Amino acid sequence: MNAPAKTEDFASSIPAGVYAETVLDVTHYTDRLFRFTMTRPQGFRFRSGEFAMIGLMVEGKPVFRAYSIASPAWAEELEFFSIKVPDGPLTSHLQAIKPGDQVLMRKKPTGTLVLDALTPGRRLYMFSTGTGIAPFASLIRDPETYEKFEEVILTHTTRDVAELKYGFDLVHEIQNDELLKEVVGDKLRHYPTVTREDFEYRGRITDLISSGKLFTDLGVPPLDPVIDRGMICGSSAMLKDTKELLEKAGLDEGANSKPAEFVIERAFVG
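Residues numbered from 1 in each chain as written. Predicted model: local features only at pLDDT ≥ 70, side-chain atom pairs only at ≥ 80, totals over all residues. Heavy atoms only, no water.

## Considerations on the nonpolar core
To keep it simple, the criterion reads: We call a set of buried residues a nonpolar core when its members are Ala, Val, Leu, Ile, Met, Phe, Trp, Tyr or Cys and they connect through side-chain atoms within 4.5 Å of each other. Accessibility here uses a 1.4 Å probe with only protein chains present; expressed as a share of the type maximum, an area under 20% marks a residue as buried, one over 50% as exposed, and anything in between as partly exposed. Runs of H or I in DSSP of at least four residues are treated as helices and runs of E of at least two as strands, each being numbered from the N terminus. Contact between two residues is taken to exist if any of their heavy atoms lie within 4.5 Å; hydrogens are not considered.
One finds Met-126, Phe-136, Ile-140, Tyr-166, Leu-188 and Met-231 to be the most contacted residues of the largest nonpolar core, which totals 31 residues. Only strand E7 (123–129), helix H3 (134–139), strand E8 (151–158), helix H5 (165–175), helix H6 (178–184) and strand E10 (228–233) provide two or more residues apiece to this core. Residues in contact with Tyr-166, not counting those within four places in the same chain, are Tyr-29, Arg-35, Ala-70, Glu-79, Phe-81, Ile-133, Ala-137 and Arg-141.

## Some thoughts on the environment of Arg-45
Here Arg-45 lies in the loop between strand E2 (33–39) and strand E3 (51–58). In this structure Arg-45 comes out as exposed when scored by relative accessible area, which is 60%. Each C-alpha atom of the pair Arg-45 and Thr-216 lies 40 Å from the other, and the pair is 171 residues apart in sequence.

## Considering unusual backbone geometry
Positive phi outside glycine occurs at Glu-59, with the angle close to 50°. For Glu-59, the position within the fold is in the loop between E3 and strand E4 (61–68).

## A word on the domain arrangement of the protein
Filter applied, for reference: Residue ranges for the domains originate in an automatic or database domain assignment. Simply put, the buried area is the total loss of 1.4 Å probe accessible area from both parts when two parts are fitted together. Salt bridge criterion: a side-chain nitrogen from Lys or Arg within 4 Å of a carboxyl oxygen from Asp or Glu.
Domain parsing of the protein yields domain 1 (16–104) and domain 2 (113–264). Once you take the C-alpha centre of each, domain 1 and domain 2 turn out to be 24 Å apart. Every contact between the two is made by 21 residues of domain 1 and, on the other side, 23 residues of domain 2. Buried area between domain 1 and domain 2, summed over both chains or domains, comes out near 1700 Å², and the portion from carbon and sulfur atoms is 58%. Counting the surface domain 1 buries against domain 2, the share from its top three residues, Tyr-29, Arg-47 and Phe-81, is 32%. Between domain 1 and domain 2 we count 3 salt bridges in total. Here Asp-116 makes a salt bridge to Arg-47, at a shortest N to O gap of 3.1 Å.

Now the structure itself:
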């Protein structure tokens, strides 16, 4: 494995039109998952839920991948939540970063998991698997989410209980933040599930929607296109199956250019 480029070498090889930001903190959750924060470029603007292209110089060439920005639009730092892929062109190197290293980021964020892409509703579901929780980490810490919705339900499905910790940490952070807890109140509900271990909630989110168990557990009625809105981020199979379930319930897919009842982030697969 090539170590991340040293700062002095890095500076001389930064491509034009790209930010080079400093890593501030790295947290390894499991042998598959880690989180890191880095400095936010002055003047960099994004909407909560968008993604950016981040990367490293690998063997003298920039390697970029799409990463949802996990921090909210108001944050002073940028946060990302990543899977570790042993042979991944980027993640095999990215997982070795440490505070003081530098990471590349292209200057234009984009994405469909934004509040602007949804029509008004009362209840917002955020369906996520694995590191697909990242854009929702941004949105659940944005006051605008709670201005637009009376209830926000974050579902997060992983293989093992240990992989849920990032989601639990996010909710704990909100509950202990003086400003956020006033805004969020009791509007945020967290529904974590696992597929390979015993846990309070077990199973694929698509199975829990199909069987109705999700709604029974939460004490809410089934999906209603008049009231409910959805956002989906996860593996390609999960995107396809969840999309079909929402469409079966009468919800239409939206986009930045044509808001509707649910949106999908197709740039992410993990």
